[in-house]
Amino acid sequence: MTTKTHSNAEVGNKEDASYLNSLRSSLLDWFRLKQRRLPWRDTRDPYAIWVSEVMLQQTRVAAVSERYVAFLERFPTVFNLAAATEAEVLTLWSGLGYYRRARQLHCAARQIVEHKAGEIPTTAGELLLLPGIGKYTAAAVASIAYSEPIAAIDGNVERVVQRLRGWGSEGASDQPAIARHISAEAQRLLDPAAPGDWNQAMMELGATVCLPRAPRCADCPIVSFCATRGEHVTPKRAPMRSESVAYALVVRSRGKTKQVLLVQRPAEETVMPGMWELPLDTGDHSPAAPMLKLRHAIMQVNYKVEIYSATANGVSVDGKKHRWVDARSAAKLPLTGLARKTLLQSGMLNDDRP
DNA sequence: TATGCGTGGTC
DNA sequence: TGACCAAGCAT
């Protein structure tokens, strides 16, 4: 499928100042009227905005919303975050994925407290120097918290600009050149009078109207400016593999409290280092049915997971650090998402994190 | 520049 | 069910 350009009188002269003003106010008016109420939209605290932007990296708004509130309650300021241990930060992050983000956020908070007296850098250029902050996040924080007129270009904005201008990506075309064009155009479109709102409006449009698959052009506030009316080529991705894996839920009683056996992933692990999970079930459980079956996708692998009730001798901790943990306090450890899900579904855990 | 890094919702 | 993918970053 290719991208066509509709000839359309309303598209107007793109260089014209009144054209730009009209486009800008159309989108901004829509955003101010229709935007979703989200917890990070009630603040201009640069720390809070920074936390939200890092959490939102490749992560859905719905998943972030609850976690964001809990995270800020536990770490209301950059000083609280800097004073925490990495394990505490990971615990609040457990289940969100991309744990490197949490480590880097924590690391950056410590740098800011140590070297900048706790003042979050105020420009995109300075923000970019911090770990975990790339071009997008630097621009988002600088524009939203400090009104710096710089375009924040995420996947949504890229798609919106691409459709708006009819710069569809055909297989063999020059991707970096297209990206540069998109970036320049996004910067040109940006409303310098309201950079934070503008950037959020572009993303909101991409997230709620200018959807990747089935864009809702009938609801689009800038459809009359759009070259393509939603036609768009989406690149193919690698297919996911499927794998089976079995974990063991090993429980013992100590007085009135139940304890569960957990193992810690080695620090050298590339995926989720240092986080806690259930031991692998190596047992010959052929007669027994799993107590729980669930599926869990990690990266390009779809896991079919079986959880077996087992005794301590039926499992493998093969040299890894392991602990018996009170069921109630397991939530205070940095668990992998799968371990968290398993313990929750088996009724071992209440999700009260510190 | 391509790849590794997690997860849960949706259809 | 399985495929797809969401406000990216670092290397």
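For clarity, every value in this text was computed on a predicted model and none was experimentally measured.

Quick notes on the rules
- Residues numbered from 1 in each chain as written.
- Chains lettered and ligands numbered in written order.
- Predicted model: local features only at pLDDT ≥ 70, side-chain atom pairs only at ≥ 80, totals over all residues.
- Heavy atoms only, no water.
- Near = heavy atom within 4 Å.
- Polar contact = N/O pair within 3.5 Å; in protein donor to acceptor, adjacent residues only side chain to side chain.
- Helix = DSSP H or I, 4+ residues; strand = E, 2+ residues; numbered from the N terminus.
- Nonpolar A, V, L, I, M, F, W, Y, C, P; charged D, E, K, R; others polar.
- Buried < 20%, exposed > 50% of the residue type's maximum accessible area, 1.4 Å probe, protein only.
- Phe/Tyr/Trp six-rings, centres within 6.5 Å; stacked < 30°, edge-to-face > 60°.
- Lys NZ or Arg CZ within 6 Å of the ring centre and 35° of its normal.

## A short note on the protein's contact with DNA strand B
Okay, so step 1: Close to DNA strand B lie 20 residues; Tyr99, Arg100, Thr270, Met299 and Gly337 are nearest.
Okay, so step 2: Sugar plus phosphate: this is where 48% of the atoms of DNA strand B within 4 Å of the protein reside.
Okay, so step 3: Between DNA strand B and Arg60, the relevant distance is 2.8 Å, taken from a base nitrogen to a side-chain nitrogen or oxygen of the residue.
Okay, so step 4: Within the side chain of Arg100, a nitrogen or oxygen atom sits 2.5 Å from a base nitrogen of DNA strand B.
Okay, so step 5: Of all the secondary structure elements, the ones that give two or more residues to the surface near DNA strand B are helix 6 (99–116), strand 5 (292–298) and helix 12 (337–345).
Okay, so step 6: Taken together, the residues of the surface near DNA strand B sort by class into eight nonpolar, eight polar and four charged.

## Some words on the side chain of Ser65
Okay, so step 1: Inspection of the secondary structure puts Ser65 in helix 3 (residues 61–74).
Okay, so step 2: Its relative accessible area of 18% is what places Ser65 among the buried residues.

## Focus: the packing of aromatic side chains
Okay, so step 1: Summed over all chains, the structure comprises five aromatic pairs.
Okay, so step 2: On the numbers, 5.0 Å between centres and 65° between planes, the contact of Phe71 with Phe75 is edge-to-face.
Okay, so step 3: Phe71 gets classed as buried once you look at its relative accessible area, which sits at 0%.
Okay, so step 4: With centroids separated by 5.8 Å and ring planes inclined at 85°, the aromatic side chains of Phe71 and Trp93 adopt a geometry described as edge-to-face. You can see Phe71 sitting in helix 3 and its partner Trp93 sitting in helix 5 (residues 86–93), a full 22 residues away along the chain. This pair shows no difference in class: Phe71 is buried, exactly as Trp93 is.
Okay, so step 5: Above the plane of the ring of Trp276 lies Arg323, whose end atom (NZ or CZ) is 5.2 Å from the centre.

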